[in-house]
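Here is how the chains run, residue by residue.
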Amino acid sequence: MKKANITLIGMPASGKSTVGVLLAKRLGYSFVDVDLVIQERTGLLLKEIIAERGMEGFLRVEEEINASIDVRRSVIAPGGSVIYGATAMKHLKEISTVVYLKLTFEEVERRLGDLTDRGVALRHGMSLRELYEERAPLYEKYADLTIEESGENPGRTVDRLRAIMEKRMADGLQVK
């Protein structure tokens with residue numbers, strides 16, 4: 001049975017951290033930024049892990065740490081590449097309700113701004129559009145719930161998500 005956790009997945013700039021912090025506050029939960037957990041456990045910045053171990057090495061570290069998350073009453077915000085780790089996603093689905101914060105490609109591109117040319121997509125050796133098209137079906141595959149984020153502000157998204165999660169808990173779909 002799932003613990004009363006919520007894991008937010010989605011593309012970079014989809015609002016995982018912003019929505020996550022606000023949602024945690026409104027639910028009285030803790031907030032777990034997995035990128036910070038990775039940095040704390042390894043003693044390295046994410047870019048240093050990638051520089052030292054390459055993207056594949058980073059993804060192994062990320063999967064290992066995501067698969068070891070052990071929290072209760074928390075909103076968990078992993079990096080956008082969490083969906084490449086089947087073991088990590090299986091674990092996160094076991095301990096939480098996985099919510100996909102879905103954006104259109106155009107909204108991702110707009111939110112990333114200048115990062116589009118030199119950011120996360122290039123670390124994966126592909127364009128942002130290619131990365132989006134590769135990841136979107138994986139986010140859908142692993143999501144227990146999808147929230148359309150395009151055109152929304154974080155406060156409204158949190159209100160919608162909070163209402164849905166409180167109803168799910170009241171209906172017994174999630175254990176305290």
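From a predicted model like this one, the values you see are computed outputs, not experimental measurements.

### Focus on the overall build of the protein chain
Consideration 1: Helix and strand counts for the protein chain stand at nine helices and five strands.
Consideration 2: N-terminal to C-terminal, the α/β element order of the protein chain is β-α-β-α-α-β-α-β-α-α-α-α-β-α.
Consideration 3: When burial is assessed residue by residue, the protein chain has 50% of its 176 residues classed as buried.
Consideration 4: Look at the contacts in the protein chain between residues 6 or more apart in sequence, and 72% of them connect residues 24 or more apart.
Consideration 5: For the protein chain, the exposed area adds up to about 8,700 Å²; of that, 51% sits on carbon and sulfur atoms.

### Examining the environment of His-91
Consideration 1: Along the chain, His-91 turns up in helix H4 (residues 86-95).
Consideration 2: By relative accessible area, which is 17% here, His-91 ends up buried.
Consideration 3: Separated by 23 residues in the primary sequence, His-91 and Ser-68 place their C-alpha atoms 7.9 Å from one another.
Consideration 4: Not counting residues within four places of it along the chain, the set of residues in contact with His-91 comprises Asn-66, Ala-67, Ser-68 and Ile-69.
Consideration 5: Within the structure, His-91 has its side chain in polar contact with the backbone oxygen of Ile-69 (distance 2.6 Å).

### As for the confidence of the model for the protein chain
Consideration 1: Per-residue pLDDT for the protein chain averages 87, and the proportion of residues at 70 or more is 89%.
Consideration 2: Taken element by element, the predicted model of the protein chain shows its lowest mean pLDDT in helix H6 (residues 115-118) (48) and its highest in strand S2 (residues 30-33) (98).

### A word on the pattern of salt bridges
Working definition: two side chains of opposite charge can pair if their charged atoms are close together.
Consideration 1: This structure, assessed with the given rule, holds nine salt bridges.
Consideration 2: Notably, a salt bridge pairs Lys-102 with Glu-148, separated by 3.8 Å at the nearest N-O pair. A residue pair is termed long-range when its members are at least 10 positions apart, and Lys-102 in strand S4 (residues 97-102) and Glu-148 in strand S5 (residues 145-148) qualify at 46 residues.
Consideration 3: Salt bridges sharing partners connect three or more residues here, namely Lys-102, Glu-140 and Glu-148.

### Here's the deal with helix H5 (residues 105-112)
Consideration 1: All of the buried residues in H5 are Phe-105, Glu-107, Val-108 and Leu-112. In a view along the axis of H5, the buried residues occupy a sector of 165 degrees, so they form one face of it.
Consideration 2: A positive backbone phi angle near 55 degrees is found at Gly-113, which sits one or two residues after H5.

### Observations regarding the side chain of Glu-62
Consideration 1: Here Glu-62 is to be found in helix H3 (residues 46-67).
Consideration 2: Arg-135 provides the closest opposite charge to the buried, salt-bridge-free Glu-62, at an N-O distance of 6.9 Å.
Consideration 3: Among all residues touching Glu-62, those that are not within four sequence positions of it are Ile-38, Gly-79, Ser-81 and Val-82.

### Some points on the nonpolar core
Consideration 1: Among the nonpolar cores identified, the biggest contains 37 residues, and Ile-9, Ile-76 and Met-89 are the most heavily contacted of them.
Consideration 2: Contributing elements (two or more residues each) for this core: helix H2 (34-42), H3, H4, S4, H5 and helix H8 (128-142).
Consideration 3: No other element matches the eight residues that H3 contributes to this core.
Consideration 4: Setting aside anything within four residues of it in sequence, one finds Ile-76 in contact with Asn-5, Ile-6, Thr-7, Leu-8, Val-32, Val-34, Ile-69, Val-71, Leu-92 and Ile-95.
Consideration 5: Of all hydrophobic cores here, the second largest spans 16 residues; its members include Leu-27, Leu-145, Ile-147 and Val-158.

### A look at the sheet that holds S5
Consideration 1: Read from one edge of the open sheet, five strands run S2-S3-S1-S4-S5, paired in parallel fashion. Every interior strand has two partners, whereas the edge strands, S2 and S5, have only one. Neighbouring strand axes in the sheet, compared pairwise and without regard to direction, differ in orientation by 25 degrees on average.
Consideration 2: Inspection of the sheet shows S2 paired to strand S3 (residues 74-77) by four bridges, in the parallel sense. Paired with Val-32 across the two strands is Ile-76, which belongs to S3.
Consideration 3: Along the sheet, H4 makes contact with strand S1 (6-9), S3 and S4, crossing S4 at roughly 110 degrees.
Consideration 4: The strands touched by helix H9 (residues 154-170) are S1, S4 and S5; relative to S5, the strand with the most contacts, the crossing angle is about 155 degrees.

Calculation criteria
- Residues numbered from 1 in each chain as written.
- Predicted model: local features only at pLDDT ≥ 70, side-chain atom pairs only at ≥ 80, totals over all residues.
- Heavy atoms only, no water.
- Helix = DSSP H or I, 4+ residues; strand = E, 2+ residues; numbered from the N terminus.
- Buried < 20%, exposed > 50% of the residue type's maximum accessible area, 1.4 Å probe, protein only.
- Contact = heavy atoms within 4.5 Å.
- Areas by Shrake-Rupley, 256 points an atom, 1.4 Å probe, with all protein chains shown as cover.
- Polar contact = N/O pair within 3.5 Å; in protein donor to acceptor, adjacent residues only side chain to side chain.
- pLDDT = per-residue confidence, 0-100.
- Salt bridge = Lys/Arg side-chain N within 4 Å of Asp/Glu carboxyl O.
- Arc of directions from axis to C-beta.
- Lys, Arg positive; Asp, Glu negative; His and termini not counted.
- Core = buried A, V, L, I, M, F, W, Y, C linked by side-chain atoms within 4.5 Å.
- Pairing = 2+ DSSP bridges.
- Axes fitted to C-alpha atoms, helices over the stretch in contact; angles between N-to-C directions.

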